[in-house]
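Structure at a glance
Here is how the chains run, residue by residue.
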Amino acid sequence: MKTLSAADLSALARAARLLERPSLAARLTNLIGAPIEGALARLPQGWQSKVQNASRAALERALALALKTMNTRPARFPGLARRLHGAAVAGTGAVGGAFGLLALPIELPITTGIMLRAIASIARGEGEDLERPEARLSCIQVFALGGPAKGDDAAETGYFAVRAALAGALSEASAYLAQKGLAQEGAPVLLQLITRVAQRFSVQVGEKVAAELLPLIGAVGGATVNLVFIDHFQSMARGHFAVRRLERTYGTEAVRAAYTAALRS
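Note that the structure is a prediction, hence the values are computed from the model and not measured.

Looking only at helices and strands, the protein has 11 helices and zero strands in total. Along the chain direction, N to C, the helices and strands of the protein fall in the order α-α-α-α-α-α-α-α-α-α-α. Residues counted as buried form 49% of the 265 residues belonging to the protein. The contacts of the protein with a sequence gap of at least 6 include a subset with a gap of at least 24, amounting to 83%. Carbon together with sulfur atoms contributes 57% to the accessible area of the protein, which is approximately 12,100 Å² in total.

Following this line, the structure appears as structure tokens:
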């Protein structure tokens, strides 16, 4: 088993801090000054099904973008691209804050698409070959990171636990695309992956919606909530693709052992 260099151990420690950082719920609680659970309790009846449907639809659209229109070339001005992504998401968040659940089916696919482009940019920066189906699907996988799914226990929410839970669906979807090509986003094996990711993504979407609907939040606060939302997933992407870069060099076993050691130190 290879030993990571000092520089790569430092990079892995940074990735671990990002991937195991406080959850979106904790960050939103800090933003609004009250537990997010209280905000969730104020949501109207039937909100969960609306959030789940909107989350799945947004991920299905993101998958179509990933397979058909994802830019595989590095951005010429990555700093400008990050600022544009943030500004665009803030704008859609303002709409969400102003119109609440009514706007979610329109706002969330736009926000998710913008976030996907930001995630893809991070992936390219860490050396991912986005011509490969597996690398594109790993961008979709990011939306499952950093939060629980319904029915999770504490042991199932860590970064490698989430990857393990999605490994089978991701592998089958990648193999299917490698055989059939990138224009097949409606295939059952791909929809199974989307279902698994949506189980986790919808929990975090629900937390975002709850924060946006607080009386003191409104449109301006909705923009701020969305900036926290995109920052959360960009952090997950930076950590995830740094880990994958190191795995390509040292192997999964060595990286996971070093990751666990970094969390304990």
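From this point, the narrative continues.
Following both chains from N to C, one finds helix H2 (residues 24-32) and helix H9 (residues 188-212) inclined at 10 degrees, their axes separated by 10 Å at the closest point. Considered as vectors, H2 and H9 are oriented roughly parallel to each other. Touching Leu24, Ala25, Leu28 and Ile32 of H2 are Gln204, Glu207, Lys208 and Ala211, all from H9. When its residues are assigned to classes, the contact of H2 with H9 shows five nonpolar, one polar and two charged.

All right, on to the nonpolar core then. Counting residues in hydrophobic clusters, the biggest one holds 76 residues, and the most contacted among them are Cys139, Phe143, Phe201 and Val243. Per-element accounting of this core gives the leading share, 12 residues, to helix H10 (residues 218-250). When sequence neighbours within four positions are dropped, the list of residues in contact with Cys139 reads Met70, Leu116, Ile119, Ala120, Ala123, Leu130 and Phe241.

Throughout the structure, instances matching the rule amount to eight aromatic pairs. Ring centres 5.7 Å apart and planes at 65 degrees place the aromatic pair Phe201 and Phe233 in the edge-to-face group. Placement of Phe201 in helix H9 and of Phe233 in helix H10 is noted, with a sequence separation of 32 residues between them. With respect to burial, Phe201 and Phe233 carry one shared label: buried. Ring plane angle 85 degrees and centroid distance 5.2 Å describe the contact between Phe229 and Phe233, whose orientation is recorded as edge-to-face. With a gap of four residues between them, Phe229 and Phe233 both fall in helix H10, about one helical turn apart. Among the aromatic residues, those joined into a cluster by ring pairs are Phe143, Phe201, Phe229 and Phe233. When the ring centre of Phe229 is taken as origin, the NZ or CZ atom of Lys208, which lies over that ring, is 5.4 Å away.

This part takes up the pattern of salt bridges. Counted by the stated rule, this structure contains 11 salt bridges. The partner of Arg248 in a salt bridge is Glu128, and the shortest N-O contact between them spans 2.9 Å. With Arg248 in helix H10 and Glu128 in the loop between helix H6 (104-125) and helix H7 (133-141), the pair connects residues that are 120 residues apart, well separated along the chain. Overall, Arg248 belongs to the partly exposed group, its relative accessible area being 45%. Its relative accessible area of 7% is what places Glu128 among the buried residues. Residue Arg132 pairs with Glu134 through a salt bridge whose shortest N-O separation is 3.5 Å. Residue class for Arg132 comes out partly exposed when judged on its relative accessible area of 39%. In the salt-bridge network here, residues are joined through shared partners; they are Glu128, Arg132, Glu134, Arg244 and Arg248.

This brings us to the environment of Ser174. Inspection of the secondary structure puts Ser174 in helix H8 (residues 159-180). A relative accessible area of 9% means that Ser174 is categorised as buried. As for Ser174 and Leu137, which are separated by 37 residues in sequence, their C-alpha atoms are 7.2 Å apart. When neighbours within four sequence positions are excluded, Ser174 is seen to be in contact with Pro133, Glu134 and Leu137.

Topologically, Val255 is positioned in helix H11 (residues 252-264). Along the chain, Val255 and Leu4 lie 251 residues apart, while their C-alpha atoms are 7.8 Å from each other. With residues up to four places along the chain from it excluded, the contact list for Val255 reads Leu12, Val243, Leu246, Glu247 and Tyr250.

Quick look at the packing of helix H1 (residues 6-19) against H11 now. It is at 9 Å that the axes of H1 and H11 come closest, and there the two elements cross at 65 degrees. Relative to H11, the element H1 is oriented roughly perpendicular. Every pair of crossing elements has a handedness; the one defined by H1 and H11 is right-handed. Facing Leu9, Leu12, Ala13, Ala16 and Leu19 of H1, the residues of H11 in contact are Val255, Ala258, Tyr259, Ala262 and Leu263.

Let us look at the confidence of the model for the protein. Of all residues in the protein, 82% have pLDDT values of 70 or greater, and the mean over the chain is 83. Within the model, the stretch residues 152-156 combines pLDDT values under 50 with seven contacts to residues more than four positions away or in other chains.

The rules behind the values
Residues numbered from 1 in each chain as written. Predicted model: local features only at pLDDT ≥ 70, side-chain atom pairs only at ≥ 80, totals over all residues. Heavy atoms only, no water. Helix = DSSP H or I, 4+ residues; strand = E, 2+ residues; numbered from the N terminus. Buried < 20%, exposed > 50% of the residue type's maximum accessible area, 1.4 Å probe, protein only. Contact = heavy atoms within 4.5 Å. Areas by Shrake-Rupley, 256 points an atom, 1.4 Å probe, with all protein chains shown as cover. Axes fitted to C-alpha atoms, helices over the stretch in contact; angles between N-to-C directions. Parallel < 35°, antiparallel > 145°, perpendicular 65-115°, else oblique. Nonpolar A, V, L, I, M, F, W, Y, C, P; charged D, E, K, R; others polar. Core = buried A, V, L, I, M, F, W, Y, C linked by side-chain atoms within 4.5 Å. Phe/Tyr/Trp six-rings, centres within 6.5 Å; stacked < 30°, edge-to-face > 60°. Lys NZ or Arg CZ within 6 Å of the ring centre and 35° of its normal. Salt bridge = Lys/Arg side-chain N within 4 Å of Asp/Glu carboxyl O. Left-handed = near helix turned anticlockwise from the far one by under 90°. pLDDT = per-residue confidence, 0-100.

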